[in-house]
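Geometric and topological summary
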Protein chains: 2
Amino acid sequence: MDTSRIWTAALLVIGDEILSGRTQDANIAYLAKWLGVQGIRLKEVRVVTDDMDAIGAAVNALRVQHDYLFTTGGIGPTHDDITVDAIAAALGVPVIVHPDARAILADHYGDKLTDARLRMARTPEGASLIENPRTKAPGIRIGNIFIMAGVPMITQGMLAALDGQLPGGAPVLSRTVAAWTQESTVAATLGAVEKAHPGVQIGSYPFWREGRTGANFVLRATDPALLATVASALMAALADIGIEPVDGEI
Amino acid sequence: MDTSRIWTAALLVIGDEILSGRTQDANIAYLAKWLGVQGIRLKEVRVVTDDMDAIGAAVNALRVQHDYLFTTGGIGPTHDDITVDAIAAALGVPVIVHPDARAILADHYGDKLTDARLRMARTPEGASLIENPRTKAPGIRIGNIFIMAGVPMITQGMLAALDGQLPGGAPVLSRTVAAWTQESTVAATLGAVEKAHPGVQIGSYPFWREGRTGANFVLRATDPALLATVASALMAALADIGIEPVDGEI
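Residues numbered from 1 in each chain as written. Chains lettered and ligands numbered in written order. Predicted model: local features only at pLDDT ≥ 70, side-chain atom pairs only at ≥ 80, totals over all residues. Heavy atoms only, no water.

All names here are of chain A. Within helix H5 (residues 99-109), the full set of buried residues consists of Ala-101, Leu-105 and Tyr-109. Projected down its long axis, H5 carries its buried residues within an arc of 50 degrees, all on one side. Residues of H5 that are exposed and angled more than 90 degrees away from the buried face: Pro-99 and Asp-107. (Buried < 20%, exposed > 50% of the residue type's maximum accessible area, 1.4 Å probe, protein only. Helix = DSSP H or I, 4+ residues; strand = E, 2+ residues; numbered from the N terminus. Arc of directions from axis to C-beta.)

Structure representation (structure tokens):
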């Protein structure tokens, strides 16, 4: 764990199915939490269409801005799976059939290893593989880019294979204080408590439920003692203005 | 309806709660479908942190690449709501208290219109308002940028207020054909059918359910007659290779 700096990642979601609204994304939240455990902060997500240029431009923008770039989607066997080609083109390297990936697929499919299935053994030259415990066709790592499947069950299996493998910093911890109040009633209090405690961020998330208005206040910090101190300070400050604080999420 | 060209939009989701994994995004899919009905294609989504520079850079990149830019999140009354300031800075205009927004909030809050609540009347100079039927504090339109709330119930109310107001082209229609098969078995067939029918895109989305493997093939086009023709052609082509086609989504 290297706590001397903040480690960051970006996610590039590749898929017309997300941008058409057909499929509700489930990978953003899962990857965000997984990265948090590794001590890496997800700082940006982009979703682009199944288009070579759109993928390439996003890859080249994001890979240099962050320690890690994850991509999801577009690595299957069909004509709309162009992620490997797009990333290879963006990096200026050729696409090869990776011998280890070919061996994995040959072992899995036996004499049914057709050309379409062999597409799933293609990688940019210089890549290594990420194990896919669910459906075998591997993910791909090249430099700081991690090329993953888009189907959440498969994505999650690939992340499990990477668990604890990536250098990161201190995990961001969070704690929630809540109240049945309008955000605007407590806005000044929230701002003052955050300002008084450098190193803690407070996010305010309102909700409306059963005709009542409430808000969850999420405190984030890497230091657990500081987090506890600020949670107590916020609850006391809410009580001071006549708002009953709730310790935890409503 | 202007069918002489394709109308495009981008969405910028502003929110640490999405990037921390605390909140599962629900606005991408909803906006995508809503735009589809207006004849506008969602081409890119970005999610950025509650940071002035990150918001500003994304706004200035996306607003010039697309006919419309929607943003969600960060327009409430608390210290972490910085979207208006960030967009005004990106556009190089000052932030003002919009007189119509002030009047809406004064009508709603009466003599409880505090400074914190007045924050929700701030807009970049030159903006107009988007009605918020749910919680009153309005959304904001400036140029081709539509600044919306992040809470899905409120976002959806603002979109309803914009229904049919934005120039667009022909809506993209979709139809799904499916089969209990591995994608790789039908990959060549899918590619051939798409190639034979310009104007139709076919996306292939595999799934694993109850120990069986299947895939949905989503056909997208603006011409309903073409869509029907290609659906029939794909079902016939699947049957030709011994795969029983399903007319509709599995």
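Given two aromatic rings, one states the distance between the centres and the angle between the planes to describe the pair. Residues and elements named next belong to chain A. In total, this model carries ten aromatic pairs over all chains according to the counting rule given. On the numbers, 6.4 Å between centres and 20 degrees between planes, the contact of Trp-7 with Tyr-68 is stacked. Separated by 61 residues along the polypeptide, Trp-7 in strand S1 (residues 7-14) and Tyr-68 in strand S3 (residues 68-72) bring together distant segments of the chain. Judged by relative accessible area, Trp-7 falls into the buried class, the value being 11%. The exposure class of Tyr-68 is buried, given its relative accessible area of 5%. One Lys or Arg, Arg-5, reaches over the ring of Trp-7 and ends 3.7 Å from the middle of that ring. (Phe/Tyr/Trp six-rings, centres within 6.5 Å; stacked < 30°, edge-to-face > 60°. Lys NZ or Arg CZ within 6 Å of the ring centre and 35° of its normal.)

Turning next to the packing of helix H3 (residues 52-65) of chain A against helix H4 (residues 83-91) of chain A. Between two packed helices, both the angle of their axes relative to each other and the distance between the axes serve to describe the pair. Residue and element names in this part refer to chain A. Close contact between H3 and H4 brings their axes to 8 Å; oriented N to C, the two are set at 55 degrees. In terms of axis orientation, H3 runs oblique to H4. As H3 runs across H4, the sense of the crossing is right-handed. Side by side, H3 and H4 meet where Met-52, Ile-55, Gly-56, Val-59, Asn-60 and Arg-63 of the first sit next to Asp-85, Ala-86, Ile-87, Ala-89, Ala-90 and Leu-91 of the second. Considered class by class, the residues forming the contact of H3 with H4 number eight nonpolar, two polar and two charged. (Axes fitted to C-alpha atoms, helices over the stretch in contact; angles between N-to-C directions. Parallel < 35°, antiparallel > 145°, perpendicular 65-115°, else oblique. Left-handed = near helix turned anticlockwise from the far one by under 90°. Contact = heavy atoms within 4.5 Å. Nonpolar A, V, L, I, M, F, W, Y, C, P; charged D, E, K, R; others polar.)

On to the domain arrangement of chain A, then. Taken domain by domain, chain A comprises domain 1 (7-162) and domain 2 (173-247). For domain 1 of chain A and domain 2 of chain A, the distance between their C-alpha centroids amounts to 38 Å. (Domains from an automatic or database assignment.)

Residues and elements named next belong to chain B. Running from amino to carboxyl end, helix H2 (residues 27-38) crosses helix H7 (residues 152-162) at an angle of 10 degrees, the nearest separation of the two axes being 11 Å. Taken together, the axis directions place H2 and H7 in an arrangement best described as roughly parallel. The handedness of the crossing between H2 and H7 comes out as right-handed. On H7, the residues that touch Asn-27, Tyr-30, Leu-31 and Trp-34 of H2 are Pro-152, Thr-155, Gln-156, Leu-159 and Leu-162. The class makeup of the residues in the contact of H2 with H7 is six nonpolar, three polar and no charged.

Residues and elements named next belong to chain B. An order of S10-S11-S9-S12 is seen for the four strands of this open sheet, with the pairing classed as antiparallel. One side of each edge strand has no neighbouring strand; the edge strands of this open sheet are strand S10 (201-209) and strand S12 (246-247). Direction of pairing for strand S9 (residues 173-179) relative to S12: antiparallel, over a ladder of two bridges. If you follow Ala-178 over to S12, its bridge partner there is Val-246. Most of the contacts of helix H9 (residues 224-240) go to S9, to which it runs at about 10 degrees, and overall it touches S9, S10, strand S11 (212-221) and S12. (Pairing = 2+ DSSP bridges.)

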